[in-house]
Every structure is written in C-alpha cells, then in structure tokens.
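Spelled out from the first residue to the last, the chains are:
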Amino acid sequence: MFTVTSLWIPFTVTAAAGQVARNAMQRQLTGPLGTWGATNIRFLFGFPFAILFFAAVMIGTGEALPRPTTAFWPWLLLGAICQIAATGLMLVAMNERSFVVTTAYLKTEAIQTAIFGFVFLGDDLTALKVLAIVIATVGVVVTALRPGGEKSFTDWRPTVIGLVSAAAFALSANGYRGAIITIHGTSFVTAATYTLVFGLFVQTLILTIYLLSRAPDILKSILRMWKPSLLAGFMGAFASQFWFLAFALTAAANVRTLALVEVLFAQGVAYYSFKQPMSARELMGIVLIVIGVGLLVAL
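How each quantity is defined
- Residues numbered from 1 in each chain as written.
- Predicted model: local features only at pLDDT ≥ 70, side-chain atom pairs only at ≥ 80, totals over all residues.
- Heavy atoms only, no water.
- Helix = DSSP H or I, 4+ residues; strand = E, 2+ residues; numbered from the N terminus.
- Buried < 20%, exposed > 50% of the residue type's maximum accessible area, 1.4 Å probe, protein only.
- Contact = heavy atoms within 4.5 Å.
- 1 Å grid on protein atoms, 1.4 Å probe; cavity = no way out; pocket = protein on both sides within 12 Å on 5 of 7 lines; lining within 4 Å.
- Points joined across faces, edges and corners; volume = space filled by probe spheres on them.
- Axes fitted to C-alpha atoms, helices over the stretch in contact; angles between N-to-C directions.
- Parallel < 35°, antiparallel > 145°, perpendicular 65-115°, else oblique.
- Left-handed = near helix turned anticlockwise from the far one by under 90°.
- Nonpolar A, V, L, I, M, F, W, Y, C, P; charged D, E, K, R; others polar.
- Core = buried A, V, L, I, M, F, W, Y, C linked by side-chain atoms within 4.5 Å.

A. Structural detail: the overall build of the protein chain. Counting its secondary structure elements, the protein chain contains 13 helices and zero strands. Helices and strands in the protein chain line up, N terminus first, as α-α-α-α-α-α-α-α-α-α-α-α-α. Across the 299 residues in the protein chain, those meeting the buried criterion constitute 52%. Long-range contacts, defined as pairs at least 24 residues apart, comprise 86% of the intrachain contacts of the protein chain with a sequence gap of at least 6.

Here is the structure:
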C-alpha cells in the first residue's frame with residue numbers, strides 16, 4: 001500500500017517505462033527528420049497533450065488556476081533550457097569515437113543531481129542515500145561498458161562532454177523540481193502539471209524558432225509526418241507528466257536514481273524480444289542496479 005509521499009516510486013517507474021517507449025518511437029523518426037527534428041517532436045506534439053492533462057486536472061480537482069511566485073520562472077527556465085542543452089551535448093557525445101565510455105559518464109547524472117539538489121534546494125543527502133546512488137550508478141556503468149571500452153577512458157574530450165551533459169540533465173531535474181515546489185496553495189498534481197505545460201511551451205518555442213531559422217524544411221517534414229509524431233508526442237508528455245509528479249513528492253536525486261530501472265527495461269526487451277543473451281558483466285551490473293535502487297527505496 002502506497003502513501004501519498006511514497007507515490008513517487010510508482011510514478012518514476014511508470015515514467016521510465018513511458019520514456020523507453022517514447023525513445024523507440026523517436027528513434028524511428030530520426031532518419032527522415034534528423035536528430036533535432038525528432039527531438040522537437042517530444043515538445044511540439046507533447047505540448048497539446050500537456051494542456052489536455054492540465055485541463056483534466058483542473059476539472060477533476062476543482063482548484064483555482066495556480067499563481068506561482070516570481071521564483072517559479074527562473075527555476076522553470078533552468079529546467080527547460082538545461083534539458084535542451086543536455087540533449088545537444090548528448091547528441092555530440094553519440095558522434096564521438098568513444099561512444100560507450102561517454103554514455104557511461106552520462107550515467108553520473110544521478111550523483112550530480114544529488115549534489116545539485118543538496119546545494120541549491122537543501123535536499124536531504126545522507127550517507128546511506130549517497131551509497132545507494134553510487135551503487136546503482138556503478139551498476140549502470142558496468143552494464144553499459146563493452147570489452148575494450150575501458151581503453152577510451154583516457155580520452156579527455158568524451159569525458160568532458162559526458163560529464164557536462166550529465167550535469168546539464170542534473171540541473172534540469174533540479175530546476176523542474178525547484179519550479180514545482182515554489183507553487184503553493186494547490187495539490188502536488190496541479191503544481192506538477194502546471195509546470196509541465198510551461199516547460200514544454202518554452203522548449204517548443206526555442207526549438208521551433210531554431211528549426212525555422214536553420215532548417216525550415218525539417219519543420220515542414222515534421223508537420224507532414226504528424227500521425228506517427230502525434231503518438232511519440234503523447235508518450236513524451238505522458239512520461240514527463242509522471243516525472244514531474246515524482247519531482248513534486250521527493251528529491252530529484254531519488255527520482256533519477258530509481259529511473260535507472262530503465263536499463264532493466266531495455267535489457268528485458270533485448271532478452272525477450274530480440275533473444276539477446278546477457279553476459280556475466282551485464283548480469284553483475286543489473287544486480288548492482290537492483291541493490292542500489294532497493295536500498296534507496298527502503299530508506
């Protein structure tokens with residue numbers, strides 16, 4: 001039985017599952033639309049669904065329209081802009097020679113989220129919580145690495161790109177949580193959904209203006225492919241809705257650490273759908289993820 005304060009656990013697991021589905025849909029659209037075109041789908045086609053979610057919440061709760069403080073807007077912009085920057089850096093990392101190692105550095109997001117949350121939001125950061133985050137992160141890194149990949153750890157460029165991208169994702173998570181908790185006098189559901197609407201609006205505006213100025217043909221292609229884009233946009237908004245609900249209830253570090261179960265989902269799909277066997281290294285990584293996440297949830 002979940003209490004309200006522990007609802008962040010099923011919210012995070014649902015968001016992680018939705019994100020796996022959204023990533024699969026976006027991946028299919030990357031070819032015809034390009035990387036930034038496929039990325040904009042989650043914002044452009046997700047924004048209308050966020051508005052529908054918010055309308056449903058307002059009708060269901062009967063609450064008045066939130067009146068955020070002035071502190072809401074800087075936190076919101078931090079979350080929205082850092083997420084775009086982090087995505088861009090991640091795309092650069094994916095074109096690097098040391099892709100696997102860079103990906104491993106990206107997984108330090110949970111640790112950096114905990115640090116930023118402690119510094120900027122005063123989130124609780126106990127020794128056991130740090131241990132849980134480190135164990136789960138090490139598990140993801142072990143799972144991500146491939147034989148021979150350790151040779152590329154001496155390359156400074158993928159190291160910097162990976163760590164900075166992870167830092168931007170960490171700042172984004174804390175930015176969104178910071179925005180949500182500045183909204184008072186409403187339920188956590190209303191505060192989270194309200195933040196999602198404006199977060200997606202800012203991101204849609206920025207990327208649409210960028211594509212209009214730099215690649216208008218891609219924007220036209222996005223509009224022509226509205227049917228598959230609509231489903232991808234819905235899944236993006238659906239996943240984001242649950243991320244934000246989780247952020248409203250607990251520290252962003254808890255959410256981003258539990259979100260590492262996404263690796264388990266991906267491994268499960270690879271094993272059951274594509275009949276790809278797991279190596280001893282991958283199995284060891286999964287065990288570490290389960291231990292870290294289990295310890296975090298038990299705290």
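After that view of the structure, there is still more to cover.
B. Spotlight on the layout of surface pockets. Taken as a whole, the second largest pocket holds about 160 Å³ of empty space. Trp8, Ile9, Asp124, Thr126, Leu128, Lys129, Asn254, Leu296, Val297 and Leu299 are the residues that line the second largest pocket.

C. Quick peek at the side chain of Asn40. Note that Asn40 resides in helix 1 (residues 8-44). Take Asn40: its relative accessible area is 0%, and that puts it in the buried class. With sequence-adjacent residues up to four places away left out, Asn40 is seen in contact with Phe45, Thr204, Leu207, Thr208, Leu211, Leu219 and Ile222.

D. Main features of the packing of helix 2 (residues 47-61) against helix 10 (residues 226-249). The N-to-C vectors of helix 2 and helix 10 enclose an angle of 50 degrees; their axes lie 8 Å apart at closest approach. When the interaxial angle is binned, helix 2 and helix 10 end up oblique. Note that helix 2 runs across helix 10; the crossing there is right-handed. Side by side, helix 2 and helix 10 meet where Phe49, Ala50 and Phe53 of the first sit next to Leu230, Gly233, Phe234, Ala237, Phe238 and Gln241 of the second.

E. Empty space enclosed by the protein, seen in detail. Applying the stated rule across the entire model yields one cavity of 30 Å³ or more. Put simply, the largest cavity is a space of about 30 Å³. Of the residues belonging to the lining of the largest cavity, the class tally is five nonpolar, two polar and two charged.

F. Local environment of the nonpolar core. Within the largest apolar cluster, 48 residues are counted, with the highest numbers of intra-cluster contacts made by Trp8, Ile180, Trp243, Phe244 and Phe247. If near-sequence neighbours (up to four positions away) are discounted, Phe247 is found in contact with Ala173, Tyr176, Arg177, Ile180, Ala252, Val255 and Arg256. If you look at the next biggest cluster of nonpolar residues, it comprises 11 residues, including Leu29, Leu33, Ile41 and Ala215.

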